[in-house]
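Report on the structure
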Amino acid sequence: MMHDDLKKKVGWAALEYVMSGTIVGVGTGSTIAYFIDALASIKNEIIGTVSSSETSSARLQAYGIPVFDLNDVNILSLYVDGADEINNQLQMIKGGGAALTREKIIAAVSDCFVCVVDSSKQVNILGRVPLPVEVIPMARAYVSRQLVRLGGSPKYRQNVVTDNGNIILDVHHLNMSNPIQLEKAINALTGVVTVGLFANRGADVALIGTTHGVQVINKDPLVPNAITFL
C-alpha cells in the first residue's frame, strides 16, 4: 500500500475523535491535508477550527470551515497533527513543514493531542531525522554555536521563513536518549523560539497507518490499544 493511501486512512480515522459542537485544532502537513478533507464532510457539525499554519488555514477556508484565532478560544478539546518521527512513548520530532511553534502552542492548549502518521514515522529512538529549531534571525550564529556545544551539527534551512518571520536550523547528530531534558536545554537558549521536540507534551493518542489497518496507541495504559481495519 502506498504512503498516500496510509496517510488518507489515518486522516479519516481521526474523525472518530472529533466531537460535535466543538472547535478542532488542526495541524500541518500532507497527512493533515487528508484530515482536513475528512473534516469537511462533517463541517456543519463543528463550530470551527484553530490552525497551526497559513497553508492549513487556506485549505480549511476553501472548504468553508471557520478558522478562529487561538486567543479567542477558551477550550480546545482536540488537536490533530502529524509528525516527522514518533517513538513508543508518543514523543515526537516535528517541524519539517516549519510550523513547529504554532503547533507546539496549540498542543499545549489542547486537552487531547491525536498524532496521525504512517508506519514509516515510527522509531524506537528519536533522531533519525534532523531536529528543527525555530530561531530569531539575528541569533542564528549564536544559537548554532550553542547547538554544537550540545553535540549537534546545525544546518541553516535555506530560503525558508516561518509564518512567524523566523528561520529554521535543522540539527543532526544530537543525542536523543533523554528527549525531555534535551527539549528543555534547547528551549533555554537565548534566541530560540522553540524546538521541534514534542517530548514534555507528547501525543495522547497515535493513529498509525499500516498495511493491515490503522493501529491505535494510547498513552494512557488503562486504555486498550487496538488495530482497526478501515
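Residues numbered from 1 in each chain as written. Predicted model: local features only at pLDDT ≥ 70, side-chain atom pairs only at ≥ 80, totals over all residues. Heavy atoms only, no water.

- Looking at an unreviewed UniProt entry, one finds the protein chain named Ribose-5-phosphate isomerase A, with Candidatus Erwinia haradaeae as its source organism.
- In UniProt, the protein chain has this text filed under Sequence similarities (unreviewed entry): "Belongs to the ribose 5-phosphate isomerase family."
- Under the heading Pathway (unreviewed entry), UniProt records this for the protein chain: "Carbohydrate degradation; pentose phosphate pathway; D-ribose 5-phosphate from D-ribulose 5-phosphate (non-oxidative stage): step 1/1." (UniProt positions renumbered as here; feature names shortened; annotations may be inferred.)

1. Comments concerning the environment of Ser 144
- Its place among the elements puts Ser 144 in helix α5 (residues 140-149).
- Assessed through its relative accessible area of 17%, Ser 144 is described here as buried.
- Spatially, the C-alpha atom of Ser 144 lies 8.1 Å from that of Lys 155, the residues being 11 residues apart in sequence.
- In contact with Ser 144, not counting residues within four places along its chain, are Pro 154 and Leu 169.
- Among the polar contacts listed, one links the side chain of Ser 144 to the backbone oxygen of Arg 140, at a separation of 2.8 Å. (Helix = DSSP H or I, 4+ residues; strand = E, 2+ residues; numbered from the N terminus. Buried < 20%, exposed > 50% of the residue type's maximum accessible area, 1.4 Å probe, protein only. Contact = heavy atoms within 4.5 Å. Polar contact = N/O pair within 3.5 Å; in protein donor to acceptor, adjacent residues only side chain to side chain.)

2. Quick look at the side chain of Thr 101
- Secondary-structure assignment places Thr 101 in helix α4 (residues 100-109).
- Aside from chain neighbours lying at most four places away, what touches Thr 101 is Glu 134, Asn 164, Val 193 and Thr 194.

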